[in-house]
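Here is what each chain is made of, one letter per residue.
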Amino acid sequence: MLVGSYNNILVFFSFVVAVLASYTALDMAGRVATAEGRAARLWLIGGAFSMGLGIWSMHFIGMLAFSLPIPLGYDPLITAGSLVISIAASAIALWLVCQRALPWVRLAQGAILIGSGIAAMHYSGMAALRMQPGIVYHAGWLIASVVVAILASAAALWLAFRLRANVSHLKLWRGMAALVMGLAIAGMHYTGMAAASFPEGSFCSASNTGVDTNWLALLVIVLTLGVLAITLIVSVLDGRLQARTSILASSLEKANSELIQLALHDNLTRLPNRLLLEDRLSQSLRIAERERSCFAVMFMDLDGFKAVNDAYGHHIGDELLVSVTERLRSCIRAQDTLARLGGDEFVLLASIAGPDDAATLADKLVQSIDESFVLSRYELRVSLSIGIAVYPGDGETERDLLLHADAAMYHTKSAGRNGYSFFEASMNANAAEQLQLLHDLKMAESHGELRLHYQPKFEAPDGPVRGFEALLRWEHPQRGLLYPDAFLPLAEKTGLIVPMGKWVLDEACRQLHEWHLQGFCHWTIAVNLSAVQFEQPDLLGVVAEAIGRHSIPPTMLTVEVTETVAMRNPETTIETLKRLTELGVKASIDDFGTGYSSLLYLKRLPASELKIDRAFVKEMSAGNEDAMIVSAIIALGKALGLEIVAEGVETEEQQEFLTGLGCETLQGFLLDRPMTAGQILERVGQTRPGLSATTAVEPKILVPS
């Protein structure tokens, strides 16, 4: 027999190629398993080619490492055929690995099929030598090589299937598995080579017509390593892109989830909002109609919440609402829906067997809120007023049930609060009246029913007139002249206060421009801003537009913001007022002393005026507590460089006391009542007939008639 020998360098490279091919196969298995559609098919084809080329190259380099004392060559067609067999076996392996499950029966069948394919690839590659006489195989070693091929295939399939998903330390596990698989593949090859014997006098008929082995080994090594390296690089880049895409998709899903949460839930309490409540109510109506069951809608409002919010500040009010929510939640079942409509209004949608169940639940809710709340060192007490509407007796539509529960809640408040009431037909009149008032209010501006009255502001003690505060009135076609208390709460609750406030600002600036044209150039105008208006992002643009449209000096306009609104979000307030004052507009802190202020923020507010609330002035007399409070407010304002305005001056004693303390500007019925623009001009003309408009404004022109 001819004695063969091996080139150790090529043997080493054959093992390296086997390991690299194994790692590529494992990576491709993971890529095919995670891809979908056309991408999965492309990865399967590309992976089968790379993996098949790697296995075949390992085999071929191993054969090139083998030499006999005779010239050797390889038939190109048979060699190419062995490559095709290797790629086909690799495709079957990848297809098996990317299946959802790999039971032991399928694993055994696949291992036999792929192992037989690898063995066929090896022995067809040996046949490419075209030895004459033929190669003699030792039966034992041949069977052993096939068994090794099948076992190696089984191990490869199992490892590839297990490591296709993202597990911890995935690259390390794949590296170790590739080393084991490389050893198994190399072991199969060299076992097969050990089975081959070459009789004495044999010659290779492909040595002259076949492929020259002198340069073939280098070409195959470079080509194979290049293909495997490119495949791995593309796979790694695709993996990173897929991971980044997965992160972006996860972020997008999270963002969408948060948007849905924001759209359907209240930001503060995380309760369902009106939109989600209406959906749940619609579902409850369908279920109750189908099953002929009943449910209750409970409209709840906190008694005394506004006082807490004004006295302790917006942040304490928010904490109180969260605590109230927790207590209400503890009283209801998982299938019930508790929603917050805004402010201190809540609605509970509860499944009940009858009205008695609703009464029991309502009483439990009232009792839970009746206990005091301890927040930030303060002990706070509020109560709960509930109105109950039961389906189907109290309404068969979403609108009717909510409206009737709201009407019953207002009945509870008028009856003494801190309790509950079931809806009765007599309550509908008040609810209908509120609806009609809201409808009329929506049409008030377009119908020209809004009016401005102007209350003069006097230089202490009794003149001259410095300017006016614009006060809104509604000339209702049936109810007559309505004051703000009758409609502003409804306007703020429904958001109508925003267009109404814009109209007030525009009309006040127009009237001031008209007065200036008439010669009253030193008159100013003050306009109140509600909390809702102050929080509008386009407030600065609205003010600037009104000033520009009517060509009034910005310094002649004062915007008044209540202390409670100013302290609700101090940093935002400071920024908003700063931007307004940069336009030249003056800022005034209204109702000072009734809210919860921080001197740290107060000194930073870019305000030029401080208004003392009428509640202190009304009860003020020498030496009492209100007088001491007013004195402290005036001293504080003076220290901060603010002009002091007192409203609600009704007696000469108040006038004299405030003037003595250094209050520069006074408002009140003692000096004059709010009037229309026409009444103001009539008063001027009646008091000083024949005088010019410029000289007509003297200290005693506007006096009580």
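We now turn to the structure provided with this report. (Residues numbered from 1 in each chain as written. Predicted model: local features only at pLDDT ≥ 70, side-chain atom pairs only at ≥ 80, totals over all residues. Heavy atoms only, no water.)

Description of the sheet that holds strand 14 (residues 383–391)
Here we have five strands laid out as an open sheet, ordered 10-11-9-14-15, and mixed in their pairing. Edge positions in the sheet fall to strand 10 (337–342) and strand 15 (419–422), since each has one partner strand and no second. Averaged over neighbouring strand pairs, the angle between their axes works out to 20° when direction is ignored. Pairing geometry for strand 10 and strand 11 (residues 345–352), over five bridges, is antiparallel. Bridge assignment links Thr337 to a residue of strand 11, and that residue is Leu349. Where helix 13 (residues 398–414) meets the sheet, it contacts strand 9 (294–303), strand 11, strand 14 and strand 15, and its direction lies at approximately 145° from that of strand 14. (Pairing = 2+ DSSP bridges. Helix = DSSP H or I, 4+ residues; strand = E, 2+ residues; numbered from the N terminus. Axes fitted to C-alpha atoms, helices over the stretch in contact; angles between N-to-C directions. Contact = heavy atoms within 4.5 Å.)

Brief notes about the pattern of salt bridges
With the rule as written, the count across this model stands at 18 salt bridges. Where Asp301 meets Lys413, a salt bridge forms, and the shortest distance between an N and an O atom there is 2.8 Å. Here Asp301, found in strand 9, pairs with Lys413, found in helix 13; they are 112 residues apart in sequence, far enough to count as distant. An identical accessibility class is assigned to Asp301 and Lys413; each is buried. Note that Glu459 and Arg466 form a salt bridge whose closest N and O atoms lie 3.7 Å from each other. Judged by relative accessible area, Glu459 falls into the partly exposed class, the value being 31%. When its relative accessible area of 29% is taken as the criterion, Arg466 is described as partly exposed. (Salt bridge = Lys/Arg side-chain N within 4 Å of Asp/Glu carboxyl O. Buried < 20%, exposed > 50% of the residue type's maximum accessible area, 1.4 Å probe, protein only.)

Details of the packing of helix 16 (residues 497–517) against helix 18 (residues 539–550)
Axis separation between helix 16 and helix 18 bottoms out at 9 Å; the angle between their running directions is 25°. One finds that helix 16 runs roughly parallel with respect to helix 18. Considering only the axes of helix 16 and helix 18, their crossing is right-handed. In contact with Lys502, Leu505, Asp506, Cys509, Arg510 and His513 of helix 16, helix 18 contributes Val542, Val543, Ala546, Arg549 and His550. (Parallel < 35°, antiparallel > 145°, perpendicular 65-115°, else oblique. Left-handed = near helix turned anticlockwise from the far one by under 90°.)

As for helix 16
Compared with the 30 Å implied by 1.5 Å per residue over 21 residues, the 30 Å span of helix 16 between its first and last C-alpha is a close match. Where helix 16 terminates, the next one or two residues include Gly519, which has phi positive at roughly 110°. (Expected span 1.5 Å × (residues − 1).)

Regarding the environment of Asn418
Mapped onto the secondary structure, Asn418 falls in the loop between helix 13 and strand 15. Take Asn418: its relative accessible area is 33%, and that puts it in the partly exposed class. It is 7.9 Å that separates the C-alpha atoms of Asn418 and Asp370, two residues lying 48 residues apart in sequence. Ignoring any residue separated from it by four or fewer positions in sequence, one finds Asn418 in contact with Asp303, Val366, Asp370, Ser383, Leu384 and Ser385.

So far we have only geometry, and geometry alone does not tell us how the molecule works.
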